[in-house]
Every structure is written in C-alpha cells, then in structure tokens.
Amino acid sequence: MTKTDLVDQIADKTGQTKKDTKETLDAMLDVISEDLEAEAKKSEDERAKIQLIGFGSFEVRDRSARKGRNPQTGEEIQIPARTVPAFKAGKSLKEKVNVK
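In what follows, the accompanying structure is described.

Attention now moves to the pattern of salt bridges. This structure, assessed with the given rule, holds eight salt bridges. The partner of Glu59 in a salt bridge is Arg61, and the shortest N-O contact between them spans 3.0 Å. The closest approach of N and O atoms between Glu76 and Arg69, which form a salt bridge, is 3.8 Å. Given a relative accessible area of 44%, Glu76 falls into the partly exposed group. Linked by salt bridges that have partners in common, Lys3, Lys22 and Asp26 make up one network.

So, about the packing of helix α1 (residues 3–14) against helix α2 (residues 18–40). When two helices pack together, their arrangement is given by the angle between their axes and by how far apart the axes lie. Between α1 and α2, whose axes approach to 9 Å, the crossing angle comes to 120 degrees. Crossing of α1 against α2: the hand is right-handed. The residues of α2 that touch α1, namely those facing Lys3, Leu6, Val7, Asp8, Ile10, Ala11 and Thr14, are Lys18, Thr21, Lys22, Leu25, Asp26 and Leu29. Class assignment for the residues of the contact of α1 with α2 results in six nonpolar, two polar and five charged.

Our next topic: the nonpolar core. By size, the foremost hydrophobic cluster in this structure holds five residues: Ile32, Leu36, Ile50, Phe58 and Val60. Breaking this core down by element, the ones donating at least two residues are α2 and β2 (56–63). Those residues in contact with Phe58 that lie beyond four places of it in its chain are Ile32, Leu36, Lys49, Ile50, Leu52, Ala86 and Phe87.

This part is about the pairing of strand β4 (residues 76–79). In this structure, strand β3 (residues 66–69) lies alongside β4, joined through four bridges in antiparallel fashion. The residue of β4 that forms the bridge with Lys67 is Gln78. In this antiparallel pair of consecutive strands, β3 and β4, the connection spans six residues, and Gly74 shows a positive phi of 80 degrees.

Moving on: the layout of surface pockets. In this structure, the largest pocket occupies an estimated 230 Å³ of space. Along its surface, the largest pocket is lined by Leu6, Met28, Leu29, Ile32, Ser33, Leu52, Phe55 and Phe58. The greatest single-element share of the lining of the largest pocket, amounting to four residues, is contributed by α2. Its residues placed into classes, the lining of the largest pocket shows seven nonpolar, one polar and no charged.

With that settled, consider the side chain of Ser57. Its place among the elements puts Ser57 in strand β2. The contact partners of Ser57, leaving out residues within four places of it in the chain, are Lys49, Ile50, Gln51, Ala86, Phe87 and Lys88.

Turning our attention to the packing of aromatic side chains. By convention here, two paired aromatic rings are described through the distance between centres and the angle between planes. In the structure shown here, the tally under the stated rule is two aromatic pairs. Centroid distance Phe58 to Phe87: 4.9 Å. Interplanar angle 50 degrees. Geometry classified as tilted. Residue Phe58 is located in strand β2, and its partner Phe87 is located in strand β5 (residues 82–89); the two are separated by 29 residues in the primary sequence. Note on Phe87: relative accessible area 37%, which makes it partly exposed.

The rules behind the values
Residues numbered from 1 in each chain as written. Predicted model: local features only at pLDDT ≥ 70, side-chain atom pairs only at ≥ 80, totals over all residues. Heavy atoms only, no water. Salt bridge = Lys/Arg side-chain N within 4 Å of Asp/Glu carboxyl O. Buried < 20%, exposed > 50% of the residue type's maximum accessible area, 1.4 Å probe, protein only. Axes fitted to C-alpha atoms, helices over the stretch in contact; angles between N-to-C directions. Helix = DSSP H or I, 4+ residues; strand = E, 2+ residues; numbered from the N terminus. Left-handed = near helix turned anticlockwise from the far one by under 90°. Contact = heavy atoms within 4.5 Å. Nonpolar A, V, L, I, M, F, W, Y, C, P; charged D, E, K, R; others polar. Core = buried A, V, L, I, M, F, W, Y, C linked by side-chain atoms within 4.5 Å. Pairing = 2+ DSSP bridges. 1 Å grid on protein atoms, 1.4 Å probe; cavity = no way out; pocket = protein on both sides within 12 Å on 5 of 7 lines; lining within 4 Å. Points joined across faces, edges and corners; volume = space filled by probe spheres on them. Phe/Tyr/Trp six-rings, centres within 6.5 Å; stacked < 30°, edge-to-face > 60°.

Set out below in structure tokens:
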C-alpha cells in the first residue's frame, strides 16, 4: 500500500476530501518524525515513546558500532554506531494480523 492508497482509504472511511486527508496524514507523520528527532537528541534514560494505544509505539534506539562484511569483496568493515527509529506493534494490532 502506498501513501496515496492510504489517503484514499481514509478519505472513503471518514468522508473527508482527499486533500484534507492528505494534509492530516502529512501533519501526523511530521509530528511523529519531529518528536522522534527531538528524543534522539536526549540521553537514553530521558527518552519517551509515542504510544498509540491498541496500535503500537514509536521510539528511538541506539545501535552500537559493529563489524560487518562487504558482500561483494568479503572485506571486513566497521559499521559506526547510530540512532534509529523503531516501532513495536500493540496487542490489538498483533491479534488482528495473526489470523489463521
């Protein structure tokens, strides 16, 4: 599903125009991105999550430096430490996806 498909489906469910729906979705994604960026600048102990009850939570995690291999040459390389965004699905979302 693309962002356009998502906007179309939300507009159909809410009765809003596609333009208004796109603006709302863009604003939501901007708020989440900006908050995660601000959290990444804090120390690991001070960071907070963005929790959407029933859906999941977004947070920032630190990855330590590690060794890797160049797949083309097999040469060992050093991968630097970095901060990455992470998403953890909530209970309701996990239950909806786990249909058998």
